[in-house]
Amino acid sequence: MEPDDTWTSLRRHCEALEPGAELLTPVSERPFGIERTDDDRLVVRFGDSGETRPLWREQFVVFLEQLDEGAVPIEGLQPGVEPYASVLTLAPAYTADNDAVRYDSHATGGESPFLVSAAAARDPPERVHDDARLLAAVLERIDADEPAALDTEALTDLYVLASDTQHGADRLRRSARDPLLERLGPDQRLHGRYGTVRRTTRERQRPKDEASIFEALDDHGIPREWVTGIDRDKLDVVLAVTDLEEDDVYDVDEDVYVQKVGVDEDEKYTRLQGLADRIDDLADAEGEELRAELDAIEDRLEEALSAG
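About the criteria used
Residues numbered from 1 in each chain as written. Predicted model: local features only at pLDDT ≥ 70, side-chain atom pairs only at ≥ 80, totals over all residues. Heavy atoms only, no water. Helix = DSSP H or I, 4+ residues; strand = E, 2+ residues; numbered from the N terminus. Buried < 20%, exposed > 50% of the residue type's maximum accessible area, 1.4 Å probe, protein only. Contact = heavy atoms within 4.5 Å. Areas by Shrake-Rupley, 256 points an atom, 1.4 Å probe, with all protein chains shown as cover. Phe/Tyr/Trp six-rings, centres within 6.5 Å; stacked < 30°, edge-to-face > 60°. Lys NZ or Arg CZ within 6 Å of the ring centre and 35° of its normal. Patch = residues over 30% accessible without salt bridge, like charges linked within 9 Å, V, L, I, M, F, W, Y side chains within 5 Å. Salt bridge = Lys/Arg side-chain N within 4 Å of Asp/Glu carboxyl O. Lys, Arg positive; Asp, Glu negative; His and termini not counted. Charge placed at Lys NZ, Arg CZ, Asp CG, Glu CD. Core = buried A, V, L, I, M, F, W, Y, C linked by side-chain atoms within 4.5 Å. Pairing = 2+ DSSP bridges. Axes fitted to C-alpha atoms, helices over the stretch in contact; angles between N-to-C directions.

(A) Looking closely at the overall build of the protein. Across its full length, the protein carries 11 helices and 10 strands. Across the 308 residues that make up the protein, the buried fraction comes to 24%. Long-range pairs, those at least 24 residues apart, make up 53% of the contacts in the protein with a sequence separation of at least 6. Of the roughly 22,200 Å² that the protein leaves accessible, carbon and sulfur atoms contribute 48%.

(B) Inspection of the packing of aromatic side chains at higher detail. Summed over all chains, the structure comprises four aromatic pairs. Measuring from ring centre to ring centre gives 5.7 Å for Trp 7 and Phe 60, while their planes differ by 50°; the resulting arrangement is tilted. Residue Trp 7 is found in helix α1 (residues 3–16), and its partner Phe 60 is found in helix α2 (residues 57–68); the two are separated by 53 residues along the sequence. Residue classification places Trp 7 among the buried positions, given a relative accessible area of 7%. Overall, the relative accessible area of 2% leaves Phe 60 in the buried class. Among the aromatic residues, those joined into a cluster by ring pairs are Trp 7, Phe 60 and Tyr 84. The side chain of Arg 30 reaches across the aromatic face of Phe 46, ending 4.1 Å from its centre.

(C) View of a negative patch on the surface. The grouping of Glu 2, Asp 5, Glu 65, Asp 68 and Glu 69 at the surface amounts to a negative patch. Residue placement: Glu 65 occurs in helix α2. The partly exposed category is assigned to Glu 65, whose relative accessible area is 45%.

(D) Broad picture of the nonpolar core. Counting residues in hydrophobic clusters, the biggest one holds 26 residues, and the most contacted among them are Phe 60, Phe 63, Val 87 and Leu 88. Beyond its immediate chain neighbours, meaning those up to four positions away, Val 87 contacts Leu 10, Cys 14, Leu 23, Phe 32, Ile 34, Leu 42, Leu 55 and Phe 60.

(E) Layout of the pairing of strand β4 (residues 52–56). Two strands pair when backbone bridges link them, and strand β3 (residues 41–46) and β4 are joined in this way by five bridges, in the antiparallel orientation. Looking at the pairing, Arg 41 lines up with Trp 56 of β4.

(F) The sheet that holds strand β8 (residues 115–116), seen in detail. Ordered in space as β4-β3-β2-β1-β8, the five strands form an open sheet in which the pairing is antiparallel. The sheet is open, and its two borders are formed by β4 and β8, each paired with just one other strand. The sheet contacts of α2 involve β3 and β4, and relative to β4 the element is tilted by about 55°.

(G) Main features of the pattern of salt bridges. Throughout the structure, instances matching the rule amount to 14 salt bridges. Two residues, Arg 30 and Asp 48, come together in a salt bridge whose shortest N-O distance is 2.9 Å. Of this pair, Arg 30 sits in the loop between β1 (22–24) and β2 (31–37) while Asp 48 sits in the loop between β3 and β4, and the two are 18 residues apart along the sequence. Classification of Asp 48 by relative accessible area gives partly exposed; the value is 47%. Salt bridges sharing common partners tie together Arg 30, Asp 48, Glu 51 and Arg 53.

(H) Structural view of the side chain of Asp 131. Mapped onto the elements of the fold, Asp 131 is located in helix α5 (residues 124–141). By relative accessible area, which is 7% here, Asp 131 ends up buried. Here Asp 131 is in contact with Asp 164, Thr 165 and Lys 268, once residues within four sequence places are set aside.

(I) Representation of the pairing of β2. In terms of strand pairing, β1 meets β2 through two bridges, oriented antiparallel. Within β2, the position partnered with Leu 24 by the bridge is Pro 31. Hairpin connection from β1 to β2: six residues lie between these consecutive antiparallel strands, with Glu 29 at a positive phi of about 55°. In this sheet, β3 lies alongside β2 in antiparallel orientation, the contact comprising five bridges. Bridge pairing in β3 places Gly 33 opposite Arg 45. Between β2 and the antiparallel strand that follows it, β3, lie three residues.

Okay, here's the thing in C-alpha cells:
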C-alpha cells in the first residue's frame, strides 16, 4: 500500500474509533487515546500520565519503509516508536502477533490486538460508578423486595449487577485502606460525611516451623502425637496418584449456589450511554426538581450527622 493511502486509511480508522476507546503500546502496555487527527500528525494522550504527544506522518512513512523490508520485531521497539506500531495495526493491511508487526496485502482487516474498547478501557472507580448506576436503574423498575416474583431475566440482571457492584466496591474499599491507615493514630477516629472509621488490630496466628514447635512441646513434656495429624495437601496428592477414592477419606457435602459465569460489558456500556443521555435530557423543571430533591436529601444527612 502506498504511504499516502496508508496515511488516509489510518486517519479514517482513528476518527472512526468509538469515544473512550484506547490503544495499548505493544511492549510497555501504556494506554493512550487519539485526541485529534491533522494533515501531518496524530495527537495522542497517554492515560497513565495525561501526556500528549504528536505522531508524525513522516515517521509513519519511515515505519512503512521498514515493513517493506520485512517484519518489525515487537520486542525491539523503543518507547517512542511503540505508539506508531499500535496505530498502524488499525489499517487492514498491517497485522501483529506476539512477535512482530507485518505487512500483509491479503489481510482481511481483523481488529487490532492493541485496541481496547471503551467499555473495557474504564478504570476501576469508573466501573464501580457505572455498575452502581446500572444497579440503581434496575432497582427503580423492579420490586427487589419480592425477588421470587421477578421474571428470570430481571432476576439474573439483579444478581449479576449486585455481584459486580459488590466486588468492584470491595476492591475500591481496599485501595482506600492503606492511605487511611497512614492517617489514623491509635484510638483515633476519622469522620467523613457518611460515616466514621477507626484503626482496629486483629491478631492472626500461624504455626512456627515444625522443629520449633516440637522443641517447645518437648520442653513442656507434651507428647508430639497430640498435635500431629492428617496433612490435607499430602492426602490430596495421594488421591491424585493412587486408586484411593475421595469418599474413603473425605465426608463430602454438596453446596448448591448461583455462579456468575459471564458479564456482557458491551451491553452494560450501551445501557450506560442511554442512561447518560436521559440524564442530559433532564432539563428545565424536571432537572431542577431532581437537583432540588438531591439537595434536600443532602441537607437531611447533614442535619442527622450534626445531631449525632
